[in-house]
Amino acid sequence: VDKRLKNINIKLLNEDRALTLVYDELDVELGENREDFIDALVEFWRGNLYKYSQIRSKILLRNDIFSTLKIENKTHLDFNKYELKWSKKEILSLILKIIVTSLNENELDKIYLLDIVKNKKNNEITEEADKVRSAIYQIFGKKINATQSNISTMDNWIISQLSDGKGNITPRVIYKFLYESISQELAKKKEIDSKNLFKSFGKNYKDILYAVSEHRLIEYSEEYKGYDKYYKVIQNIGYRIFEDSEYKIVSNPSKGGKHYIKA
């Protein structure tokens with residue numbers, strides 16, 4: 001590995017280029033050996049932090065996984081770690097960056113989004129919160145036809161719908177939300193021809209959110225395999241508010257339920 005990386009580093013140096021390796025999604029699809037793998041990866045990264053001048057690495061880890069690392073001396077990590085916190089504006093800005101990346105300047109101009117772009121080459125957008133909010137309205141519309149009276153505008157609605165039970169939003173959920181939104185729109189028309197980018201969003205948002213929820217359940221199933229039986233009980237009850245007593249009945253076969261769950 002060291003010999004191969006040295007050769008790559010020399011090639012990059014000769015070409016006056018640099019390379020950044022990003023390790024993401026380490027909380028899924030690693031199975032029982034996940035902790036050992038991540039420990040080894042972080043140790044390798046720490047041991048070679050300054051060894052390859054043209055190669056850098058970024059390892060993205062959830063806080064709860066980072067806290068379990070079996071590293072003898074974590075003080076070396078403190079100088080090279082950064083905690084990512086997603087504010088509402090940053091989440092909305094990420095959505096806009098993905099859109100800006102997908103469209104050319106003529107298409108952006110046609111739907112009045114060109115003014116939010118600071119640098120198209122690097123997909124940089126404005127940092128002004130009002131412009132970010134207005135751009136979200138321009139893409140999805142200003143309001144959603146939902147029965148949530150406490151959420152009046154689209155920017156607040158998107159945040160509430162993409163958050164999990166603890167109020168967290170992962171980048172993967174954002175990408176899935178946009179992927180489904182774009183797919184639904186492309187099924188209706190083939191090119192940008194409207195002042196609003198996602199003209200069909202108001203009709204399709206339930207299907208979009210259902211696909212996002214299925215995606216999130218897959219992630220949860222990978223992470224918490226022992227809880228699959230709980231998901232099944234809740235799915236049988238359906239998407240609605242239910243009392244604890246109803247849950248106990250459904251999960252207890254002695255009372256006519258389909259599943260047995262030991263508390």
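## Focus on the overall build of the chain
So, point 1. Counting secondary structure elements, the chain contains 12 helices and 4 strands.
So, point 2. Relative to its full complement of 263 residues, the chain shows a buried share of 34%.
So, point 3. Taken as a whole, the chain presents about 17,900 Å² of accessible surface, with 50% of it coming from carbon and sulfur.

## Here's the deal with the pattern of salt bridges
So, point 1. According to the stated counting rule, one finds 10 salt bridges in the structure shown.
So, point 2. Between Arg46 and Glu43 there is a salt bridge, with its nearest N and O atoms 2.9 Å apart. A residue pair is termed a helical-turn pair when its members lie 3 or 4 positions apart in one helix, as Arg46 and Glu43 do in helix 2 (residues 34–47) at 3 residues.
So, point 3. The structure contains a network of salt bridges with shared partners spanning Lys88, Asp130, Arg133 and Asp155.

## Focus: the side chain of Thr126
So, point 1. Structurally, Thr126 is set in the loop between strand 4 (124–125) and helix 7 (129–140).
So, point 2. Polar side-chain contacts of Thr126 include one of 3.1 Å to the backbone nitrogen of Glu128.
So, point 3. Once residues within four sequence positions are removed from consideration, Thr126 is found in contact with Ile116, Lys118, Lys131 and Val132.

## Re helix 10 (residues 201–223)
So, point 1. In this model, helix 10 (23 residues) spans 31 Å end to end at C-alpha, consistent with the 33 Å of a helix rising 1.5 Å per residue.
So, point 2. Its axis deflected by about 30° at Asp207, helix 10 carries its strongest bend there.
So, point 3. Of the residues making up helix 10, those classed as buried are Phe201, Asn204, Tyr205, Ile208, Leu209, Ala211, Val212, Arg216, Glu219 and Glu223.
So, point 4. Looking at the buried side of helix 10, the elements it contacts are helix 2, helix 7, helix 8 (154–162) and helix 9 (171–186).

## Focus on a nonpolar patch on the surface
So, point 1. On the surface, Val22, Leu60, Tyr82, Leu84 and Trp86 cluster together to form a nonpolar patch covering roughly 560 Å² of accessible area.
So, point 2. Positionally, Leu84 belongs in the loop between helix 4 (75–78) and helix 5 (88–102).

## Concerning the packing of aromatic side chains
So, point 1. Across all of its chains, the model carries 6 aromatic pairs by this definition.
So, point 2. Consider the rings of Phe140 and Phe198, whose centres lie 5.3 Å apart with planes at 65°: the pair is edge-to-face. Here Phe140, found in helix 7, pairs with Phe198, found in the loop between helix 9 and helix 10; they are 58 residues apart in sequence, far enough to count as distant. With respect to class, Phe140 is no different from Phe198; both count as buried.
So, point 3. Ring centres of Phe177 and Phe201 lie 5.9 Å apart, and the angle between their planes is 85°; on these two criteria the pair is classed as edge-to-face. Residue Phe177 is located in helix 9, and its partner Phe201 is located in helix 10; the two are separated by 24 residues in the primary sequence. In this structure, Phe177 and Phe201 share a single accessibility class: buried.
So, point 4. Here the aromatic cluster, defined as three or more aromatic residues joined through ring pairs, consists of Phe140, Trp157, Phe177, Phe198, Phe201 and Tyr205.

## Thoughts on the packing of helix 9 against helix 10
So, point 1. One can describe the packing of helix 9 onto helix 10 by two numbers: an axis separation of 9 Å at closest approach and a directional angle of 140°. On the basis of the axis angle, helix 9 is oblique to helix 10. Where helix 9 crosses over helix 10, the handedness of that crossing is right-handed. Contacts between helix 9 and helix 10 pair Arg172, Val173, Lys176, Phe177, Glu180, Ser181, Gln184 and Glu185 from the former with Phe201, Asn204, Asp207, Ile208, Leu209, Ala211, Val212, His215, Arg216 and Glu219 from the latter.

## Here's the deal with the side chain of Ser163
So, point 1. With respect to the helices, strands and loops of the structure, Ser163 is situated in the loop between helix 8 and helix 9.
So, point 2. For Ser163, a relative accessible area of 18% corresponds to the buried category.
So, point 3. Not counting the four nearest positions on each side in its chain, Ser163 is found in contact with Asn168, Ile169 and Arg216.

## Let's talk about the confidence of the model for the chain
So, point 1. The predicted model of the chain has a mean per-residue pLDDT of 79, with 84% of residues at 70 or higher.
So, point 2. When mean pLDDT is compared element by element in the chain, helix 1 (residues 2–14) scores highest at 94, while helix 12 (residues 244–251) scores lowest at 70.
So, point 3. Between residues 257–263, whose pLDDT stays under 50, and residues either more than four places distant or in other chains, the model counts 20 contacts.

## A closer look at the environment of Ile182
So, point 1. Here Ile182 is to be found in helix 9.
So, point 2. A C-alpha to C-alpha distance of 9.5 Å links Ile182 and Ile99, two positions 83 residues apart in sequence.

Conventions we followed
Residues numbered from 1 in each chain as written. Predicted model: local features only at pLDDT ≥ 70, side-chain atom pairs only at ≥ 80, totals over all residues. Heavy atoms only, no water. Helix = DSSP H or I, 4+ residues; strand = E, 2+ residues; numbered from the N terminus. Buried < 20%, exposed > 50% of the residue type's maximum accessible area, 1.4 Å probe, protein only. Areas by Shrake-Rupley, 256 points an atom, 1.4 Å probe, with all protein chains shown as cover. Salt bridge = Lys/Arg side-chain N within 4 Å of Asp/Glu carboxyl O. Polar contact = N/O pair within 3.5 Å; in protein donor to acceptor, adjacent residues only side chain to side chain. Contact = heavy atoms within 4.5 Å. Expected span 1.5 Å × (residues − 1). Bend = angle between axes of the 7 residues up to and from the residue. Patch = residues over 30% accessible without salt bridge, like charges linked within 9 Å, V, L, I, M, F, W, Y side chains within 5 Å. Phe/Tyr/Trp six-rings, centres within 6.5 Å; stacked < 30°, edge-to-face > 60°. Axes fitted to C-alpha atoms, helices over the stretch in contact; angles between N-to-C directions. Parallel < 35°, antiparallel > 145°, perpendicular 65-115°, else oblique. Left-handed = near helix turned anticlockwise from the far one by under 90°. pLDDT = per-residue confidence, 0-100.

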